[in-house]
Amino acid sequence: MSYVLYSARNSYERVEMISVERITCAFNEAAREFRDSGEYQSLACGHASTEAAHEFIRNVFRTHYLSAHIVALCFAALPSNAAELLKENLLEEMGCSEKEKPHSALLVELVRGIGFPENEVDQLITDARKRVAIFCATRVPVATLRELCLSLLLETMSFEFMLSRCSSEIATALTNHYSIPKAALLWFELHSEVDIRHAEEGVTVIQDYLNFHEIPDPLFDQIAHFTLGDNLFVRHYFPPVSKQRTRSKIAKAQAQRIESITIYQLRIPFHQVFRHALHNREESDAVIVKVTGSDGRSGFGESLPRSYVSGETTETMVARIRDHLAPKLFRQTFAPGWETLEHLQALMPNWTRGDNVETTVVAWNAAFCAVELALLDWSLRVDHCALADLLPPARFEVVYSGVISADEPKDAAALAKRMARLGLHQVKVKVGTADDAARLDAVRKAVGDEVTLRADANGAWSAGEAVEQLQRLAQFKLSVIEQPVPAKDLEGMKRVRTESGIPVMADESLVTLEQARRLIELGACDYFNIRLSKNGGITGSLAIAKLAHEAGIKIQVGAQVGETGILSAAGRTFAAYLPALEFAEGSFGTWLLAEDLTYESVAFGLGGRAPLLKTRGLSVTVREDVLERLATVKHEVRG
């Protein structure tokens, strides 16, 4: 969602106060959407399993345990008369008003009353704290603190409003159908009909906030739609991870068909030529896939085929999707969220396998990646959630490396200096050409000794040449050498690892899960470079990452040169999810591309740092007018 920013001229125009009825209507609609949801109905009618009911309680805990912290932030942004109402709410949340216990303590009593062991209670508190930390590290689609706090106020007060209407019914269901003792449900009792006063005061607080900050109608509508839409309460109380854990049948009942697939071949100019030992590139040749379901929603995926890696070309990949995968897709149904990911995991071996032994294609991984990401983007939007809900982040940001192509030494040094000024602490340099030593010397002098320097030969050397070259280049303090020998020479790679003294990373040698196993069996490398487009999207990359983790292989999440914000966003979420990550590449955005396809900027910032992405689908919004304009070829297939 991109918000319209209003000009300075508009800020001086008188803004009419938004009515209480209008705010109440927005809250009523969000509450109605929740009560009508299959998840709520299943819980309230006693059709959910006991474990599903307990998981619901866990998510109530995670959502509300630290809600006072959010209210405090809103209070700081409301220096007006209604601030006293918000202050009273805050004090009650903290247990500093009347004779109530802090609401956080009531939640602890709730989970203890159900019988959760102390170690699980401690884990829930940790989960709640991590939720706040991740929220603070996630890019939000608002321009100012004023708008952020409005969104927080709307979300916080909408929960008060919804709970005042639903808590009694929920508590009754938990007692009657799931044997949860009434004494444990005091938190729900306090938020039931007896708490309607708080809900009404919340509406007053929001109206006063809108008036104080002179927020115009269109901006209120946009923020209210973004904050309260897409079933806000289901997203918090029944997130996809919980549905997968409790094996809900609701999602399967919502399965839909894909009605059309559109394939776009792009040509996006680069700001400068990118060179390495195997290829020179002046523009992006990304392939975008758009799937549209029977509900009218669409999802977008992307990949960039490389003939010298997986054997796919743009033309063969497009033909594969159009003639082979599309007919298969039209015969399938896809349920939201986890179910689609699990379905794709089952389909991947067959959908990526080469057609016959004569084919030059190692695996149709790029074709699968584009289709898989489009399906995930679509199915997650159907489920009102993001890829980060399926792959919860293990870190609060992703730090990217700079990459320098096989440029003339002086040009490489100039780029390295810009990277140093930007604060990048990790830089990779392409090697495998006649002037490697001069280029690395120029880069090392430009960035100094504190920057970690890696090299990538793209398979340019034989094993003997690699050992000899790396002995010459050791003076530049290389931390890793990536793909020193041709992709098939795994024994040669092992020799380089043994004789050079420099850790080795596999890239072009690592396309399939079987190749990953072979590299591990041989002890041929120290690192895997996992790239979504090369390794079969999220599905294939997760499988290889799991294998690497079990074998003690370190991981770099790489990128395709020229990827747009679609693939970069998916790569960001994947990189943030991995429990151990050594290096990350990509998210160059308009640092490299003359123009990107997404409203949201995915480019990393100072120090190579980039925030988490967690809105809907892949968490970027495609500018379809730009996509249509940049496409050189467009194919549309209908089921």
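Check the entry above for the structure.
Residues numbered from 1 in each chain as written. Predicted model: local features only at pLDDT ≥ 70, side-chain atom pairs only at ≥ 80, totals over all residues. Heavy atoms only, no water.

Engineer: An account of the overall build of the chain is needed here, citing residue identities and associated values.
Structural biologist: Helix and strand counts for the chain stand at 28 helices and 16 strands. Here the C-alpha atoms of the chain give a radius of gyration of 27 Å, agreeing with the 26 Å that 2.2 N^0.38 yields for 639 residues. With respect to the principal axes defined by its C-alpha atoms, the chain has extents near 80 × 50 × 50 Å. For the chain, with 639 residues in total, the buried portion stands at 58%. (Helix = DSSP H or I, 4+ residues; strand = E, 2+ residues; numbered from the N terminus. Rg over C-alpha atoms; globule rule 2.2 N^0.38 Å. Buried < 20%, exposed > 50% of the residue type's maximum accessible area, 1.4 Å probe, protein only.)

Engineer: So what's going on with helix α12 (residues 217-228)? Which residues, and what values?
Structural biologist: Here α12 is twelve residues long and its end C-alpha atoms lie 16 Å apart, about the 16 Å a rise of 1.5 Å per residue gives. Every buried residue of α12 is listed here: L219, F220, Q222, I223, A224, F226, T227 and L228. (Expected span 1.5 Å × (residues − 1).)

Engineer: Any details on unusual backbone geometry? Residues and values, ideally.
Structural biologist: Although it is not a glycine, D230 sits at a positive phi angle of roughly 55°. Structurally, D230 can be placed in the loop between α12 and α13 (232-237). When its relative accessible area of 29% is taken as the criterion, D230 is described as partly exposed. Even without being glycine, S587 reaches a positive phi, approximately 55°.

Engineer: A description of helix α27 (residues 565-577) should follow, citing residues and the corresponding values.
Structural biologist: The end-to-end C-alpha distance of α27 is 18 Å, a good match for the 18 Å that 13 residues give at a rise of 1.5 Å each. The element α27 is extensively covered by neighbouring structure, given that twelve of its 13 residues are classed as buried. All of the buried residues in α27 are G565, I566, L567, S568, A569, A570, G571, R572, T573, F574, A575 and A576.

Engineer: Could you give an account of the state of the cysteines, naming the residues involved and the relevant values?
Structural biologist: The full count for this structure, using the stated rule, is zero disulfides. As a non-bridged cysteine, C166 has C45 as the owner of its nearest cysteine sulfur, 13 Å distant. By relative accessible area, C166 is classed as buried at 0%. (Disulfide = S-S within 2.5 Å.)

Engineer: Would you mind going over the sheet that holds strand β1 (residues 258-266) in detail, with residue names and values included?
Structural biologist: By way of backbone hydrogen bonds, the strands of a sheet pair with one another, either parallel or antiparallel. Here we have four strands laid out as an open sheet, ordered β5-β4-β1-β16, and antiparallel in their pairing. The strands lining the two open edges of the sheet, one partner per strand, are β5 (298-303) and β16 (631-638). The average angle at which neighbouring strand axes cross in this sheet is 15°, direction not considered. As defined by bridge partners, strand β4 (residues 287-293) adjoins β5 across six bridges and the pair is classed as antiparallel. The partner of T292 across the bridge, within β5, is S298. Where helix α16 (residues 314-330) meets the sheet, its contacts fall on β1, β4, β5 and β16, and the angle it forms with β1 comes to roughly 175°. Sheet contacts for helix α18 (residues 365-382): β1, β4 and β5; angle to β5, the most-contacted strand, approximately 155°. (Pairing = 2+ DSSP bridges. Axes fitted to C-alpha atoms, helices over the stretch in contact; angles between N-to-C directions. Contact = heavy atoms within 4.5 Å.)

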